[in-house]
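Examining the three-dimensional arrangement
Take a look at the letters that make up each chain.
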Amino acid sequence: MEKFVIRGGKPLHGTVNISGAKNAAVALVAATILCDEPCILENVPEISDITKCLKILKEMGAHIELLDRHTIKIDTKGITNPVVPYELARTMRASCYFLGTLLGRFHEAYVPMPGGCDLGDRPIDQHLKAFRCLGATDDIVNGNNHVRADSLDGNQIYFDFVTVGATMNAIFAAVKANSLTIIENAAKEPHIVDLANFLNSMGADIRGAGTDVIKIRGVDYLHGVTYATIPDQIEAGTYMVAAAATGGDVTICNVIPKHLESITAKLRKCGVHVEESDESVRVWVDGPILKTSLKTMPHPGFPTDMQPQFSTLLTMAEGTSIVTDDIFDNRFRYVGELRRMGADISVDGKVAVIQGVGKLHGAPVSATDLRAGAAMVIAGLAADGTTEVDNIVYIERGYEKIDEKFRGLGADIKRVYCPDSDAVAMSG
Ligand code: EPU
């Protein structure tokens, strides 16, 4: 296993390019199962979650060809058995997308239960509710979720609360169903819109993605396309916060500034300058970081996937900030790690009270999950002295070459082999 060794305290300067969005790309890769011809996906991030998704497809019989580091040709014709292999799928949340895509294509799917994970319990009741609305039944067979339908028939699906994963799965199952499906209280994240655009470019009929009502008229055939994944809003937000935390001046390129609005607004509240251009944002600091309060919300609210990074910035602010994150049960596990670096944070359930301490100090810390790991890297870059971040397998699930990109901004961050750790990363 490897760890990052960071000698912090240097302001970041320069330009960084953002990769394709993890949470869009995992859905697009799974969606190729529904396509009746080969597809070419561009701007696919080089991260371990994507490697896992591709391995799952390959083991099921798909033909995968890497045209370059970020461009992949996928032909899923060879998949004949709708069974997802256990070992590859059990640690990856996005493997539940194979339930919807295999159900949509074969009217049946066996997918290992994703299980509990680093963010707390993550049930799939709303996913199953969507499948049932379309006429499927479900049960558990040998630890697999098994869904099956004689035919999938369009219907109204009303989600009890906003859920990204269940919205994706409802789209997968409905895109080739008979007649019209209406999803109400749908998630509005940019990756939902990206999935709808991808499927529509193949010939699907999906309207309203990006609003809370999505209408899908089923089609019989989806043709092959070449499609580029949207930029990763969370990766971009992570570099924006890192620029602010180190007192730097960084231009973050290949982004859609509209997707970053909630992050931009909060940074400005903290006294950080953000200048938007067509496909980039420049972030710089010329004064103290100011306190703010924030609450995570589904899109277009402040994303839970940016909460650990932003809370880390607030540990360096003047005054007391309050952060509420109730999307998942357990998104404050990293707080104990930040305390080792001198942060003053108390957590009561889903609320953290952060007393700004100005500067953090280097310490050995662990990545407790993907975004918490990114937060530890930001803390290390901003802190005095040396920080060692272990469990970096978590970070590599979702950030392409994070150490290289930070080095490009002038950071002193090294990847070091450490033989005695054996983390297994559970994916988001
Ligand atoms: N939920 C249920 N039942 C369901 C579905 C969801 O109770 O059937 C609950 C969840 O337990 C959670 C809330 O509803 O408390 C929201 O979950 P959602 O379904 O929106 O999340 P997800 O699809 O499991 C995706 C991202 C997460 C991101 C969330 C929220 C992927 C692969 N994962 O998860 O990304 O935090 O949406 O935006 O897209 C990450 O990238 O680090 C990550 C964790």
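Since we're looking at a predicted model, the values are computed, not measured. Here the residue numbering is sequential within each chain, running from 1 through the sequence in written order. This being a predicted model, a pLDDT of at least 70 is required before a residue's local features are given, and a value of 80 or more before pairs of side-chain atoms are given or counted; all residues contribute to the totals for chains, interfaces and linings. Hydrogens and waters are ignored; side-chain quantities use all the structure's heavy atoms.

Attention shifts here to the environment of Asn330. Helical segments are the DSSP runs of H or I of at least four residues, strand segments are the runs of E of at least two, and each set is numbered from the N terminus. When you line up the elements, Asn330 lands in the loop between β18 (320–324) and α11 (335–340). Each residue is placed in one exposure class: buried if its accessible area under a 1.4 Å probe, protein chains only, is under 20% of its type's maximum, exposed if it is over 50%, and partly exposed if it falls in between. Judged by relative accessible area, Asn330 falls into the partly exposed class, the value being 30%. Sequence separation of Asn330 and Leu66 is 264 residues, and the distance between their C-alpha atoms is 37 Å. We call two residues in contact when some of their heavy atoms are within 4.5 Å. Setting aside chain neighbours within four positions, we find Asn330 in contact with Asp118, Leu119 and Gly120.

Let us look at the domain arrangement of the protein chain. Domain limits in this description derive from either an automatic procedure or a database domain assignment. What the domain assignment reports for the protein chain is domain 1 (2–17 + 288–417) and domain 2 (22–228). Summarising the inter-unit geometry, the C-alpha centres of domain 1 and domain 2 are found 31 Å apart. Taken residue by residue, the interface counts 20 residues in domain 1 and 18 residues in domain 2. Looking only at domain 1, the three residues that lose the most surface to domain 2 are His299, Arg397 and Glu400, adding up to 41% of its buried area. Salt bridge, as used here, is a side-chain nitrogen of Lys or Arg placed within 4 Å of a carboxyl oxygen of Asp or Glu. In this assembly, domain 1 and domain 2 are joined by three salt bridges. The partner of Arg397 in a salt bridge is Asp49, and the shortest N-O contact between them spans 3.2 Å. Two N or O atoms count as a polar contact when they lie within 3.5 Å, although within protein this holds only if one can serve as hydrogen donor and the other as acceptor, and sequence-adjacent residues are included solely when both atoms are side-chain atoms. Counting across the interface, domain 1 meets domain 2 through seven residue pairs in polar contact (both at pLDDT 80 or more). Every element with two or more residues in the side of domain 1 that touches domain 2 is listed here: α12 (370–382) and α13 (393–396). Values labelled buried area give the accessible surface lost by two parts on being combined, using a 1.4 Å probe and summing over both.

Attention shifts here to the pairing of strand β7 (residues 137–141). Strands qualify as paired when DSSP identifies two bridges or more between them. Judged from the five bridges that link them, β7 and strand β8 (residues 144–148) form a sheet pairing that is antiparallel. Bridged to Asp139 within β8 is His146. Between β7 and β8, which pair antiparallel in sequence order, lie two residues; one of them, Asn142, sits at a positive phi of approximately 50°.

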